[in-house]
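# Breakdown of the fold
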Amino acid sequence: MFFCLVNNPSSDKKRFDFPNPGLGLGLRSPHYPYILQNQPQVDWFEIISENYIDIGGWAAYVLDWVAERYPIAMHGVSLSIGSTDEINVTYLNKLKSLAARTRALWVSDHLCWTGIMGHNTHDLLPMPLNEESLKHVIQRVKMVQEILERPLVLENPSSYLSFVDDTYTEWDFITHVAEEADCGILLDVNNVYVSSVNHGFDAYQYIDNIPHHRVVQMHIAGHTHCGTHIIDTHDKQVTAEVWKLYSKAKQYCPHAATLLEWDSQIPDFNDLLEELHKAKAAEKMQVPTASEFGNPNAHPHPVVMDIVNTENITLA
Amino acid sequence: MNNLSDIQKWFYKSITHPSGVTHGAAEAGTALAMDKGNIVDVIQPSDKLNAADRLAIYHNAYFLRLYGVLEAEYPALKAALGEDLFRKFALFFLQQNPSGSYSLYDLSANFPGFLAQSVPSENAEESWPNFIIDLVRLERLFQESYRGEGTESLPNTDNPDFDESGDGQVKSNSLRISPSLKLMHSTFPVHHYLLSVRRGEDVPLPNPEMTWLAVNRLNYNVKIYELSEDEFLLLKQISANPEIEISNEAVQPYSAKWLKEKFLY
Ligand SMILES: [Fe+2]
């Protein structure tokens, strides 16, 4: 039988003092009008932090409206925790203010680097997995947590390459970071699957071997198979393989919140909710059956931006 | 073994090199004096992809992602230049102006300045390059007005004292310019072109015409206002120097509109 009940001593341990808000969706600008009009039933929202820093206007208004009515978690893409550039303290202080303003449940970002020499690629670039980079990341996470005055939650990104100098598996690396810097984990189950195919490791071995009590949140998302590798596109339904992996992860981490990511070709809000609610079936090990989607020219999911809408501009 | 800092510099230079990862990695390896600076020395192949192909995934994503931002923010410029020329300018801009910010909203702040230096200069004010430069300026002003601070959340935006200082002067302490008000002058009606493109219409490039515009956000909607030259110059004066004292007489023709549309508050 594929599924077995997990007997993991760590799964009963409490992880920090974070509540489990349940099943959530990303707050995205195409859904603003629907959310304001209908105040839909969804347990919580995740925001991309950078979309609401230094921002006035409509997005700021919607953010405050949502924060009054729903729990919010902050998910960043520019922390660059693995970079050898200096930590951007101005940015961290802005994150901190945003967290206070939204009463954020927690603040997460990715176990990656995004730039160097003062430049930002706005991509989640892979870390070499060795002793030097491990020490570097642990020390930086500690520094960030001191400034934020709260635990940082780090997500495993999808990756498309590995380094000759790697000496750790990714699950060992993230385990060391989390344990030694005392931070949380955002387990992106889709990213585990994508990377397992791209690097040829066993996705279940990954899930089995991380500190489950530190998993605060999980991500599920759609990806695209390019034949030679998989790209994390966030533009379609979650595949059956990822739902299976999610079922297993949920057994290990029953306390973790779940969030569906969908960032390109974003469907109607209710279609997203329908996809999200498949998680309930998956938790009962009734795995939904969306099959693998193929496209040899797929590209990683776009950065989410609130673009000026045509309907918001008129001639007086 | 290469150190982390060198690996990251090498990686960055490889995935942002305009000629691709092979050129980028070779240049970076030399510049950083790396013993092991070839792609195969740094990147592990997979069963199905060689090391360079794996690195190229990040190279493709870098340009596509940032190009996608410019494409979404400058639809009118893209329509005016045509896709090929827009792409050339956009990619050249990205090479010369890599993002240095945590926010993608800052990515194209210098796009108007870049185009002003890049399009061939012609002396006549009514020349095509000036149309292009003004169009890109207006698209950027839109974004800044749309996303920046506005009067919606500020306290006390109905200023009852605006027009009644009593001494024939309207003073700075009763004149506050809306943070979302942007002003621009053009020798083309760039706003008509921009709005037509955004409506999905196929329009020819406009003929020259002296144009003075205000862009402002009111109740979260951005509006473009056509101004007279006098009104434009007056608003310019006030926004350049909030301490300036301007006679009621000069302001009187506009005061009701400025208050209603929250140019001033
Ligand atoms: Fe994710």
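Here the structure is a predicted model, which means the values were calculated and not measured.

Regarding its fold elements, chain B presents eleven helices and six strands. For chain B, the residues scored as buried account for 54% of the 265 residues in total. Contacts in chain B between residues at least 24 apart in sequence constitute 66% of all its contacts with a sequence separation of at least 6.

Now for the interface of chain B and chain A. The accessible area lost on association of the parts is a frequent measure of interface size. Contacts between the two partners involve 59 residues from chain B, matched on the other side by 64 residues from chain A. Buried area between chain B and chain A, both sides added, is near 5600 Å², and the carbon and sulfur share of it is 64%. Ranking the residues of chain B by area buried against chain A places B:Tyr58, B:Tyr102 and B:Tyr146 at the top, with a combined share of 16%. At the boundary of chain B and chain A, one finds one salt bridge. Elements with a minimum of two residues in the side of chain B that touches chain A: helix 1 (4–16), helix 3 (39–42), strand 1 (43–44), helix 4 (51–73), helix 8 (128–147), helix 9 (190–198) and strand 5 (221–227) of chain B. With twelve residues, the top contributor of residues to the side of chain B that touches chain A is helix 4 of chain B.

Turning next to the coordination of the iron ion. Residue and element names in this part refer to chain A. The iron ion binds to the protein through Glu-155 (OE), Asp-188 (OD), His-219 (ND1) and Glu-261 (OE), with metal-donor distances spanning 2.0 to 2.3 Å. Considering all four donor atoms around the iron ion, the spread of angles at the metal, 86 to 172°, places the coordination shape in the irregular class. Look at where the donors of the iron ion fall in the sequence and you get E-x32-D-x30-H-x41-E. Here Glu-155 is found in strand 5 (residues 152–155), whereas its partner Asp-188 is found in strand 7 (residues 184–188), with 33 residues between them in sequence. Neither residue differs from the other here; Glu-155 and Asp-188 are each classed as buried.

With that settled, consider helix 2 (residues 21–31) of chain B. Residue and element names in this part refer to chain B. Among the residues of helix 2, those classed as buried are Val-21, Gly-24, Ala-25, Ala-28 and Gly-29. Around the axis of helix 2, the buried residues are gathered within 125° of arc, so they sit on the same side. More than 90 degrees from the buried face of helix 2, the exposed residues found are Thr-22, Thr-30 and Ala-31. The elements touched by buried residues of helix 2 are helix 1, helix 3 and helix 4. Note on helix 2: the residue one or two positions beyond its end, Ala-33, has a positive phi of about 50°.

Rules used in this analysis
- Residues numbered from 1 in each chain as written.
- Chains lettered and ligands numbered in written order.
- Predicted model: local features only at pLDDT ≥ 70, side-chain atom pairs only at ≥ 80, totals over all residues.
- Heavy atoms only, no water.
- Helix = DSSP H or I, 4+ residues; strand = E, 2+ residues; numbered from the N terminus.
- Buried < 20%, exposed > 50% of the residue type's maximum accessible area, 1.4 Å probe, protein only.
- Contact = heavy atoms within 4.5 Å.
- Buried area = accessible area lost by both parts, 1.4 Å probe.
- Salt bridge = Lys/Arg side-chain N within 4 Å of Asp/Glu carboxyl O.
- Donors = N, O, S within 2.8 Å, 3.2 Å for Na, K, Ca; no water.
- Tetrahedral: all angles 85-135°; square planar, octahedral: opposite > 155°, others 65-115°.
- Arc of directions from axis to C-beta.

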